[in-house]
Protein chains: 2
Amino acid sequence: MNAIAAVKRALRAVEEREPEVRAWAWLDADRAQAEAVAVERRGGGPLGGVVVGVKDIFDTWDQPTECGTPIFAGRRPRADAATVSLLRAAGAVCLGKTVTAELASSHPGPTTNPHRATHTPGGSSMGSAAAVACGMADIALGTQTAGSIIRPASFCGVFGFKPTFGTVSPAGVKLFAPSLDTVGWFARTPELLDAVRVCLTGRAPAAPLTGPPRIGVLRTEQWRACAPESAQAVVEMADRARTADAQVSEVTQPDFLDGLAGDLTVMAYESARTLAWEHRTHRDLLSPALRDFLDMGVTTDPGVYDRVLARRDAARAREAELFGACDVLLTPAVVGEAPLGLADTGDPQFARLWTLLGLPTVAIPAITGPTGLPVGVQLLARTGQDAALLAAACWLTSDPAH
Amino acid sequence: MNAIAAVKRALRAVEEREPEVRAWAWLDADRAQAEAVAVERRGGGPLGGVVVGVKDIFDTWDQPTECGTPIFAGRRPRADAATVSLLRAAGAVCLGKTVTAELASSHPGPTTNPHRATHTPGGSSMGSAAAVACGMADIALGTQTAGSIIRPASFCGVFGFKPTFGTVSPAGVKLFAPSLDTVGWFARTPELLDAVRVCLTGRAPAAPLTGPPRIGVLRTEQWRACAPESAQAVVEMADRARTADAQVSEVTQPDFLDGLAGDLTVMAYESARTLAWEHRTHRDLLSPALRDFLDMGVTTDPGVYDRVLARRDAARAREAELFGACDVLLTPAVVGEAPLGLADTGDPQFARLWTLLGLPTVAIPAITGPTGLPVGVQLLARTGQDAALLAAACWLTSDPAH
């Protein structure tokens, strides 16, 4: 589709859904249409006809970037974030800025779940996941510091991808905890997730798998925290894979990962320093939850922080033991369906460990839960195996009749 | 000294030296004096009475941040960089913004070497090193992506410290190559370097050594590139240490580091993506050298990039073999004295490898070279041994009569 028609279609979806979903922090239809015309004039590009939503912690030179906080009301950066510029260079049109939780943390913005407006869409990349879910954007940029890609993707029923840590430039993105902050993105197909990866990294597209992948089902130490629907999503996805001739085995979480999924030390220590200016000079404009968290980070013992990072490094070195003979691991993405209410963005406990380890991970829509909301699963691969991970996601979600 | 007196003293140095040295990109004496008054009103702090110069790629809410390029002329950020905010919270006064090479790369700004104005002060943190050298600031923030702390420190005759990669937040700093970019700083004493480290990390001060350190003299594979004065600086510093009863041994650079010091792959691949916006939309405002470098980065093979990072990871895992029984390694900081002319900021080849590995390193003023310019040496420690490194620097440069 050409860029002008794609923007028109997205704007129709905005007209229809935005009054309820409230995914956009800023959107100027005229500006977006003019950008589409410019893209067509220069002949499109690898992402020509793709409409992008940009989480409002990514700088944009032509649109405000307010980071979900009154501290940055009306802020106008001078440059695009690196990823925004690369997407635009590939012909994608930036429709607007999507709602983020406060400073990409947990205090939510106004976005509702596109599947039922009384439920949270998840956070912190809430507007991005919601916009993609209801066709207001084809792809959307987000970030994950705990579970801010995987959780909203699962709650909104879209694909969400967090690449290997360090492989996509964070330039122009508001940081929270630099050892954890990872740029990621959402789409309605894993093929489009991969096209974005190619654009942002200059790497080759994922080659289709030549045979079924070896999948390990990892129940993790938090398995008992799963609501029945999240456990069922994993089991059903494993069954589908078995039916399509994949080797599926059970994998036990190695002891060396015990307790790391719930550890907040790295986030607390780093955010208190990274957000020092906001914490010190705009204390009264922070949500009480974030203020308390930063207060805690100021007093976090650097020795404890060092020990957690040492455990992370040791775990990374033992990645082979985690994966064994498996190509990918299948594990819960979330506790269950999106919880009722908009005050809380949900629990990131099934994502946090993989953010700390820096592994590539993708959320895949799997089933409809007991109340009719979507539930995703999470697929993990080894460090650097981003293309293989997305190829496995394509394989798992393709029509088995093919 | 109180902040008001400290700023007055710094401003006198500015009046005397700045017309020739040209270290400042922006300086408003009235604003600085008002900041000093405010600091005194709230009772100083751990860095009360310390005057700071801030490399002009660090955001400041109350001063322009132009990154050494016309692309960002007049740019006014909304927030302080994390490190600027932490220094101010500790009572330091930010006197102004120091000249940086274009986007913290190699195309120089107007700063001259404070020891002889016809020579470069080194780059890219040129204004920071020069300002500290002539008393216009007590400390100054900089960054190192290749040799941008160690080289200007050596050329200007001051101490320069690059901490372990990832230990100081890069929030609010213009990135160039995120796997390499490291915040560092300059001072006229190693004790003050350490006080800044304590402020930025919340860690304990370096404890004085209880006995002489074990020092390895590492001649590196680039040793033959040393001018006589840089070799002599290493030899003289080793002799001084021996005289003061340190165990000094010769260390051979392990084979697994061969060729890494000269490798530009990581910098090229990452900068082309990190500076995508500047490269794409302001091509004509880039220096030809930076434009060519970014052009090269666009076509850098990601497979080659991955192999260099894999070699880096393997080398990090073998750090123990590099250090052996030594606490610190003594090695050249630079090829020699600052070269004649202002068009070139000098060769970073003795710093680049340690930036890639992420090791903490400190430049220490050592000797006066054949034409009368300062020559430093470089001291390295293991990952995370930043306090021990600065303690060794204090020991090495303290009066042996003590």
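Just so it is clear, the structure is predicted and the values come from calculations on it, not from any experiment.

## Concerning the relation of the copies chain A and chain B
- For the match of chain A to chain B, the screw axis carries a shift of 0.0 Å, the RMSD comes to 0.0 Å, and the turn is 180°. Both copies of the chain, as the preceding transformation shows, are related through a two-fold rotation axis. Taking C-alpha positions as the reference, the residue of chain A nearest the rotation axis is A:P77, at 3.8 Å.
- Taken together, the interface assignments show that 100% of the residues at the interface of chain A recur at the interface of chain B, consistent with an identical surface on both copies.

## Structural notes on the interface of chain A and chain B
- Contacts between chain A and chain B engage 35 residues on the former and 35 residues on the latter.
- For the pair chain A and chain B, the two sides together bury roughly 2800 Å², of which 52% comes from carbon and sulfur.
- For the chain A face of the interface with chain B, the top three residues by lost area are A:R78, A:W277 and A:R280, together amounting to 25%.
- Linking chain A to chain B there are two salt bridges.
- Close ionic contact of B:R203 with A:D306 constitutes a salt bridge, the shortest N to O distance being 2.7 Å.
- The interface formed by chain A and chain B contains 14 residue pairs in polar contact (both at pLDDT 80 or more).
- For the side of chain A that touches chain B, the secondary structure elements donating two or more residues are α3 (82–89), α6 (190–201), α8 (265–274), α9 (276–281) and α11 (302–317) of chain A.
- The dominant element in the side of chain A that touches chain B, judged by the number of residues it contributes, is α3(A), at five residues.
- When the residues that make up the side of chain A that touches chain B are grouped by side-chain class, the tally is 18 nonpolar, seven polar and ten charged.

## Observations concerning the UniProt feature "domain: Amidase" (unreviewed entry) in chain A
- Per the UniProt entry, the sites bearing "domain: Amidase" (unreviewed entry) are residues 6–390 of chain A in this numbering.
- Counting secondary structure, residues 6–390 of chain A comes out at 36% helix and 16% strand; the distance between its end C-alpha atoms is 25 Å.

## A closer look at the environment of B:R283
Residues and elements named next belong to chain B.
- Along the polypeptide, R283 turns up in the loop between α9 (276–281) and α10 (288–298).
- Beyond its immediate sequence surroundings of up to four residues, R283 is in contact with E278, R291 and D295.
- In terms of polar contacts, R283 uses its side chain to reach the side chain of H279, at 3.3 Å.

## Comments concerning the sheet that holds strand β9 (residues 328–332) of chain A
Residues and elements named next belong to chain A.
- Within the open sheet, the eleven strands sit side by side as β1-β3-β2-β4-β6-β5-β10-β11-β9-β7-β8. Their pairing is mixed. Each end of this open sheet is capped by a strand with a single partner; those strands are β1 (24–27) and β8 (247–251). Strand-to-strand twist across the sheet, computed as the mean angle between neighbouring axes with direction ignored, equals 30°.
- Each of β2 (51–55), β3 (93–98), β4 (139–144) and β6 (182–187) is contacted by α3, which is oriented at about 160° to β4, the strand it contacts most.

## Brief notes about the sheet that holds strand β1 (residues 24–27) of chain B
All names here are of chain B.
- If you trace the eleven strands from one edge of the open sheet to the other, you get β1-β3-β2-β4-β6-β5-β10-β11-β9-β7-β8, paired in mixed fashion. If you trace the sheet from one side to the other, it starts and ends with β1 and β8 (247–251), each paired once. With direction set aside, neighbouring strand axes in the sheet form an average angle of 30°.
- Contacting β5 (159–162), β7 (214–218), β9 (328–332), β10 (361–368) and β11 (374–380), helix α14 (residues 386–397) runs over the sheet at an angle of about 15° to β10.

## What to know about the pattern of salt bridges
All names here are of chain A.
- According to the stated counting rule, one finds 36 salt bridges over all chains in the structure shown.
- One salt bridge connects K97 with D56, and the closest N-O pair in it is separated by 3.2 Å. Placement of K97 in strand β3 and of D56 in the loop between β2 and α3 is noted, with a sequence separation of 41 residues between them. The two residues K97 and D56 agree in class, both being buried.
- Ionic contacts of the salt-bridge type, sharing partners, join the residues R31, E35, D62, D80 and R88 into one network.

## As for the state of the cysteines
All names here are of chain B.
- Throughout the structure, instances matching the rule amount to zero disulfides over all chains.
- For the unlinked cysteine C134, the closest cysteine sulfur is that of C156, found at 8.3 Å.
- When its relative accessible area of 12% is taken as the criterion, C134 is described as buried.
- In this structure C226 is a free cysteine whose sulfur lies 18 Å from that of C326, the closest cysteine sulfur available.

## Comments concerning the packing of aromatic side chains
- For the coordinates displayed, the defined rule picks out eight aromatic pairs over all chains.
- Considering the side-chain rings of A:F176 and A:F293, the 6.5 Å spacing of their centres and the 20° angle between planes classify their relative orientation as stacked. In this pair, A:F176 is assigned in the loop between β5 (159–162) and β6 and A:F293 in helix α10 (residues 288–298), connecting sequence segments 117 residues apart.
- Residue A:F176 is classed as buried on the basis of its relative accessible area, which comes to 2%.
- Note that B:R75 overlies the ring of B:F72, its terminal NZ or CZ placed 5.7 Å from the centroid.

## With respect to the pairing of β9(B)
All names here are of chain B.
- Within β9, five of the five residues are buried, which leaves it mostly tucked inside the rest of the structure.
- Relative to β9, β7 runs parallel, the two being bridged by three bridges. Looking at β9, one finds that I215 is bridged to V328.
- Bridge analysis of β9 against β11 gives four bridges, and the strand direction is antiparallel. Pairing of P332 across the sheet is with V377, part of β11.

## Section: the pairing of β10(B)
All names here are of chain B.
- Counting buried positions along β10 yields six of eight residues, so the element is predominantly enclosed.
- Sheet topology note: the β5/β10 ladder contains three bridges and is antiparallel. Bridge pairing in β10 links G160 to A363.
- By the bridge criterion, seven bridges tie β10 to β11 in an arrangement that is antiparallel. Paired with I367 across the two strands is V375, which belongs to β11.
- Once β10 ends, the chain turns through five residues before running back antiparallel as β11, passing G372 with a positive phi of about 95°.

## A short note on helix α2 (residues 29–41) of chain A
All names here are of chain A.
- Between its terminal C-alpha atoms α2 stretches 18 Å, which fits the 18 Å expected from 13 residues at 1.5 Å a residue.
- Looking at α2, one finds that the buried residues are R31, A32, E35, A36 and V39. Each buried residue of α2 lies within a common arc of 140° when the element is viewed along its axis, so the set occupies one face. For α2, the exposed residues set more than 90 degrees away from the buried face come down to D30 and R41.
- Close packing links the buried residues of α2 with α1 (3–21), β1, α3 and β3.
- At the C-terminal side of α2, G43 shows a positive phi close to 90°.

## A few points about the side chain of A:H279
All names here are of chain A.
- Note that H279 resides in helix α9.
- Polar contacts involving the side chain of H279 include one to the side chain of D295, which spans 2.7 Å.
- Residues in contact with H279, not counting those within four places in the same chain, are L286, R291, L294, D295 and V298.

## Details of α14(B)
Residues and elements named next belong to chain B.
- Relative to the 16 Å expected for twelve residues at 1.5 Å per residue, α14 spans 17 Å between its end C-alpha atoms, a close match to the ideal helical length.
- Of all twelve residues in α14, nine are buried; the element is thus mostly enclosed.
- Within the sequence span of α14, burial applies to D386, L389, L390, A391, A392, A393, C394, W395 and L396.

## Focus on the packing of helix α6 (residues 190–201) of chain B against α14(B)
Residues and elements named next belong to chain B.
- Their axes nearest at 9 Å, the elements α6 and α14 cross at an angle of 165°. By the criterion of interaxial angle, the relationship of α6 to α14 is roughly antiparallel. Considering how the two elements wind past one another, α6 and α14 form a crossing that is left-handed. Of the residues in α14, those touching α6 at P190, E191, L193, D194 and R197 are D386, A387, L390, A393, C394 and T397.
- Here the contact of α6 with α14 is composed, by residue class, of six nonpolar, one polar and four charged.

How each quantity is defined
- Residues numbered from 1 in each chain as written.
- Chains lettered and ligands numbered in written order.
- Predicted model: local features only at pLDDT ≥ 70, side-chain atom pairs only at ≥ 80, totals over all residues.
- Heavy atoms only, no water.
- Least-squares fit on C-alpha atoms with pLDDT ≥ 70 in both.
- Contact = heavy atoms within 4.5 Å.
- Buried area = accessible area lost by both parts, 1.4 Å probe.
- Salt bridge = Lys/Arg side-chain N within 4 Å of Asp/Glu carboxyl O.
- Polar contact = N/O pair within 3.5 Å; in protein donor to acceptor, adjacent residues only side chain to side chain.
- Helix = DSSP H or I, 4+ residues; strand = E, 2+ residues; numbered from the N terminus.
- Nonpolar A, V, L, I, M, F, W, Y, C, P; charged D, E, K, R; others polar.
- UniProt positions renumbered as here; feature names shortened; annotations may be inferred.
- Pairing = 2+ DSSP bridges.
- Axes fitted to C-alpha atoms, helices over the stretch in contact; angles between N-to-C directions.
- Buried < 20%, exposed > 50% of the residue type's maximum accessible area, 1.4 Å probe, protein only.
- Disulfide = S-S within 2.5 Å.
- Phe/Tyr/Trp six-rings, centres within 6.5 Å; stacked < 30°, edge-to-face > 60°.
- Lys NZ or Arg CZ within 6 Å of the ring centre and 35° of its normal.
- Expected span 1.5 Å × (residues − 1).
- Arc of directions from axis to C-beta.
- Parallel < 35°, antiparallel > 145°, perpendicular 65-115°, else oblique.
- Left-handed = near helix turned anticlockwise from the far one by under 90°.

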